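Breakdown of the fold
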Amino acid sequence: MSLLRAERLGKRFGGLQAVDDVDLSVEAGEIVGVIGPNGAGKTTFFSLLAGSIAPSTGRVLLDGVPLRCPPAFRAVRAGIVRTHQIVRPFHGLTVLENALVAAHNGRGARGNERQRALEALTLVGLADRKDQMPDSLTLAGRKKLELARALATDPRVLLLDEVIAGVNPSEALEMTDLIRRVRDARGLALLIIEHVMPALMSLSQRVVVLDAGKKIAEGLPAQVARDPEVIAAYLGRNAAAHAPLQAAP
């Protein structure tokens, strides 16, 4: 049985079908990339998985048990946690206090919140910055703090929304290595939305492609990068050169 499963998941906003009949399964320890052109429905799909919004059709299951969300805290306490494209730490709290807030609202045992917060900060490399304020961190540092806050909730499934985009190339390599370490250390199931294609393709064991809310492809990164329908979704069907999407060697 898959750890996380979406069955015929759909979301309609008035006349807009943002997510349309999408199936997905993810196993513990697996990294799955979610890609698609702008407006494909990726963030809405994540919001459905994270319990932030209710589906119009279909359902989300964790260990075979349907999730009853929103509100999103039910998903967090069940073990599904997401990060956000735009990081918004609590600017009036220290780095450690930011992680503590998350730990207090996670699924772990009560009384161990400080330990979980410190372990999360250590894993992402921010333990030595724990008494500083978030504004003292670089963008890459704030993205690490966003990841640490998610880890402090003791998740089983982690949804990462563009944690690499916006940082410089050396920081992108560091973030890529960090995501692998997180998977290896915690045995999590990870889904990743990312526009830095080489990073996503090198991280993902499997890639799912959305376009106009529908799943149009799923498979190994190299296969998906050469799929004509995927190339058309990104470049247009009249593109002169059907080069594969850029992937890391």
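Residues numbered from 1 in each chain as written. Predicted model: local features only at pLDDT ≥ 70, side-chain atom pairs only at ≥ 80, totals over all residues. Heavy atoms only, no water.

1. Considering the sheet that holds strand S3 (residues 31-35)
Spatially, 6 strands are ordered S6-S7-S8-S3-S9-S10 in an open sheet, and the strand pairing comes out mixed. Both outer strands of the open sheet, strand S6 (80-82) and strand S10 (214-219), are each paired with one neighbouring strand and no more. Sheet twist, expressed as the mean angle between neighbouring strand axes with direction ignored, is 20°. Judged from the 4 bridges that link them, S3 and strand S9 (residues 206-211) form a sheet pairing that is parallel. Bridging across to S9, Ile-35 finds its partner in Val-209. Those strands touched by helix H1 (residues 42-49) are S3, S6, strand S7 (157-161), strand S8 (189-193) and S9, and its axis lies near 150° from that of S8. Of the strands in this sheet, S3, S7 and S8 are in contact with helix H6 (residues 169-186), which crosses S8 at around 160°. (Pairing = 2+ DSSP bridges. Helix = DSSP H or I, 4+ residues; strand = E, 2+ residues; numbered from the N terminus. Axes fitted to C-alpha atoms, helices over the stretch in contact; angles between N-to-C directions. Contact = heavy atoms within 4.5 Å.)

2. A closer look at the sheet that holds strand S4 (residues 57-62)
In a beta sheet, neighbouring strands are held together by backbone hydrogen bonds and run either parallel or antiparallel to one another. The strand order across the open sheet formed by 4 strands is S2-S1-S4-S5, and the pairing between neighbours is antiparallel. Because the sheet does not close on itself, it has two edges, and the strands there are strand S2 (16-26) and strand S5 (65-66). With 5 bridges connecting them, strand S1 (residues 4-13) and S4 associate as antiparallel partners. Each residue of the ladder has a partner; that of Arg-5, found in S4, is Leu-61. On top of the sheet, H1 reaches S1, S2 and S4; it is set at about 120° to S1, its chief contact.

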